[in-house]
Amino acid sequence: MDFEPQLKLGLQNMWYPICQSAGVKEKPRGFHRLGQDVVVWRDSVGKIHIHEDRCLHRGAKLSVGEVVNGSLRCAYHGWCYDTSGQCVTIPTSKTAQTKLAPRLRLRSYESQERADLVWGYFSENADEPAPPLIIPEELEDPAYSGFICEAVWKANWILVLENLADPMHGPFLHGQSLTLGRGALEDDMRVRRNDAGFIVEREGQRGVNFDWSEFYCDDSLWVRLDIPLPFGPKGILRILCFATPMTEDSTLVYFLRYRKLSGWKRAYWRFLYKTFWEKQHFKVIEQDRVILESLRGAQSRMAEHLANSDRGVTELRKLLREKIACRTAQ
Ligand code: FES
Ligand SMILES: [Fe+2]
């Protein structure tokens, strides 16, 4: 089974994290997301804007330019665009300035900054207003504290999502890790649908390994899961995962690791995370990266043999097919 064409570069009409807020300062930044080049920049009051990264004059990347007096200025011949993408300055010709500029507007993407990430709404119809952005509530609940982990994997985004719908890989692929080495190697899986997605879970154990994951798939798509930490301090580490397609064969992945801790326990965990846990978790996600990059994308899917342990993978495929059908029907 090949990837559905509508899925290869991401589902349209959805919110995706584009980059970390801290990565966009006074200089514009260029990114390749969902197969498109976008420029992310801050205006004079620090508000984020996202536009197509292509100057309407001769096609230079606007991310090579700079922000001048609250407008985005192309480095090549100085054409400027305001926060709505409207061309406002053509310095090389007075006639063009008055006649041509008012007719030129860059494609814009609605944007938001939430949970220290820049989010963009990718839609087929640029003029359609974006729906509200729903993100996991832990990310904005002061009872939780967390860190962002970001990586780029050379694998299609669907493979990244399927890996998150597959708890049984935990004790095998990550069997030698500090966090995912415990529990039975054999189990049955079950799936429960809910309003916006589904939960896939092991029938035989909870709180021992990566034993369940929850998929939310509406106008944004994200995954929630827990892994147990054996110490420092002991308890549940909640992971909120996002996958943003870059090309057909590369994906920006975010793992936001949050804990519900207060007082000295929070400070202790934040210290230990930076000095110890971050490296351990990185070893684990490197194992995921290596295995997903070994799958050879759609080719692997054509020769696969699925079992009961793949209940989550099949449910995810079903959900995405339903989503495409529902979008097509609209
Ligand atoms: S290409 Fe941008 S101003 Fe000429
Ligand atoms: Fe994994």
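Residues numbered from 1 in each chain as written. Chains lettered and ligands numbered in written order. Predicted model: local features only at pLDDT ≥ 70, side-chain atom pairs only at ≥ 80, totals over all residues. Heavy atoms only, no water.

**What to know about the domain arrangement of the protein**
Entries for the protein in the domain assignment read domain 1 (23-122) and domain 2 (137-329). Distance from the C-alpha centre of domain 1 to the C-alpha centre of domain 2: 34 Å. Its largest share of buried area at the contact with domain 2, domain 1 owes to Arg-33, Ala-115 and Leu-117, together 47% of the area lost on that side. Across the salt bridge formed by Glu-140 and Arg-114, the nearest N and O atoms sit 2.7 Å from each other. For the pair domain 1 and domain 2, the number of links is three residue pairs in polar contact (both at pLDDT 80 or more). Secondary-structure elements contributing two or more residues to the side of domain 1 that touches domain 2 are strand S2 (29-33) and strand S11 (117-122). Of the residues that constitute the side of domain 1 that touches domain 2, the class distribution is four nonpolar, two polar and three charged. (Domains from an automatic or database assignment. Buried area = accessible area lost by both parts, 1.4 Å probe. Salt bridge = Lys/Arg side-chain N within 4 Å of Asp/Glu carboxyl O. Polar contact = N/O pair within 3.5 Å; in protein donor to acceptor, adjacent residues only side chain to side chain. Helix = DSSP H or I, 4+ residues; strand = E, 2+ residues; numbered from the N terminus. Nonpolar A, V, L, I, M, F, W, Y, C, P; charged D, E, K, R; others polar.)

**Some points on the coordination of the iron ion (ligand 2)**
Coordination of the iron ion (ligand 2) by the protein involves His-169 (NE2), His-174 (NE2), Asp-288 (OD) and Asp-288 (OD), with metal-donor separations of 2.1 to 2.5 Å. Relative to the metal, the four donor atoms surrounding the iron ion (ligand 2) lie at angles of 55 to 151°, and the coordination shape comes out irregular. If you list the donors of the iron ion (ligand 2) from N- to C-terminus, the spacing comes out as H-x4-H-x113-D. In this pair, His-174 is assigned in the loop between helix H3 (170-173) and strand S13 (189-193) and Asp-288 in helix H4 (residues 263-293), connecting sequence segments 114 residues apart. An identical accessibility class is assigned to His-174 and Asp-288; each is buried. (Donors = N, O, S within 2.8 Å, 3.2 Å for Na, K, Ca; no water. Tetrahedral: all angles 85-135°; square planar, octahedral: opposite > 155°, others 65-115°. Buried < 20%, exposed > 50% of the residue type's maximum accessible area, 1.4 Å probe, protein only.)

**So, the pairing of strand S14 (residues 197-202)**
Of all six residues that make up S14, six are buried, and the element is covered over most of its length. With five bridges connecting them, S13 and S14 associate as antiparallel partners. The residue bridging Met-189 from the neighbouring strand is Arg-202, located in S14. Count of turn residues in the S13/S14 antiparallel hairpin: three residues. (Pairing = 2+ DSSP bridges.)

**Things to note about the layout of surface pockets**
By volume, the largest pocket amounts to about 460 Å³. Asn-163, Asp-166, Leu-295, Asp-310 and Val-313 are, among the 19 residues lining the largest pocket, the residues nearest its centre. Those elements giving two or more residues to the lining of the largest pocket turn out to be helix H2 (157-164), H3, H4, helix H5 (297-302) and helix H6 (311-329). The leading source of residues in the lining of the largest pocket is H2, at three residues. Taken together, the residues of the lining of the largest pocket sort by class into nine nonpolar, four polar and six charged. In this structure, the second largest pocket encloses a volume near 190 Å³. For the second largest pocket, the full set of lining residues is Gln-6, Gly-10, Leu-11, Gln-12, Asn-13, Glu-124, Ile-324, Arg-327, Thr-328 and Gln-330. (1 Å grid on protein atoms, 1.4 Å probe; cavity = no way out; pocket = protein on both sides within 12 Å on 5 of 7 lines; lining within 4 Å. Points joined across faces, edges and corners; volume = space filled by probe spheres on them.)

**With respect to unusual backbone geometry**
A cis amide bond, omega -25°, links Gly-232 with the succeeding residue Pro-233. By the element assignment, Pro-233 lies in the loop between strand S16 (221-229) and strand S17 (235-247). A positive phi angle, near 65°, is found at Asp-116, a position not held by glycine. Taking the relative accessible area as the measure of exposure, Asp-116 reaches 54% and is therefore exposed.

**With respect to the sheet that holds strand S5 (residues 66-68)**
Spatial strand order, S5-S6-S7-S8: four strands in an open sheet with antiparallel pairing. In this open sheet, the two edge strands, each paired with only one partner strand, are S5 and strand S8 (87-89).

**A short note on the pattern of salt bridges**
All told, the structure shown has 22 salt bridges when counted by the stated rule. The residue Glu-278 makes a salt bridge to Lys-274 at a minimum N-O spacing of 3.3 Å. Taken together, the residues Glu-278 and Lys-274, both in helix H4 and four residues apart, mark about one turn of the helix. What makes Lys-274 partly exposed here is its relative accessible area of 47%. In this structure, the salt-bridge partner of Glu-293 is Arg-289, at a minimum N-O distance of 2.8 Å. Placement of both Glu-293 and Arg-289 in helix H4 is noted, with a separation of four residues, approximately one turn of the helix. Residues participating in the shared-partner salt-bridge network are Glu-137, Glu-138, Glu-214, Arg-224, Asp-226 and Arg-238.

**A closer look at the pairing of strand S18 (residues 250-260)**
With ten of its eleven residues buried, S18 lies for the most part within the structure. In the sheet, S17 pairs with S18 via nine bridges, with the strands oriented antiparallel. Across the sheet, Cys-241 pairs through a bridge with Phe-255, a residue of S18.

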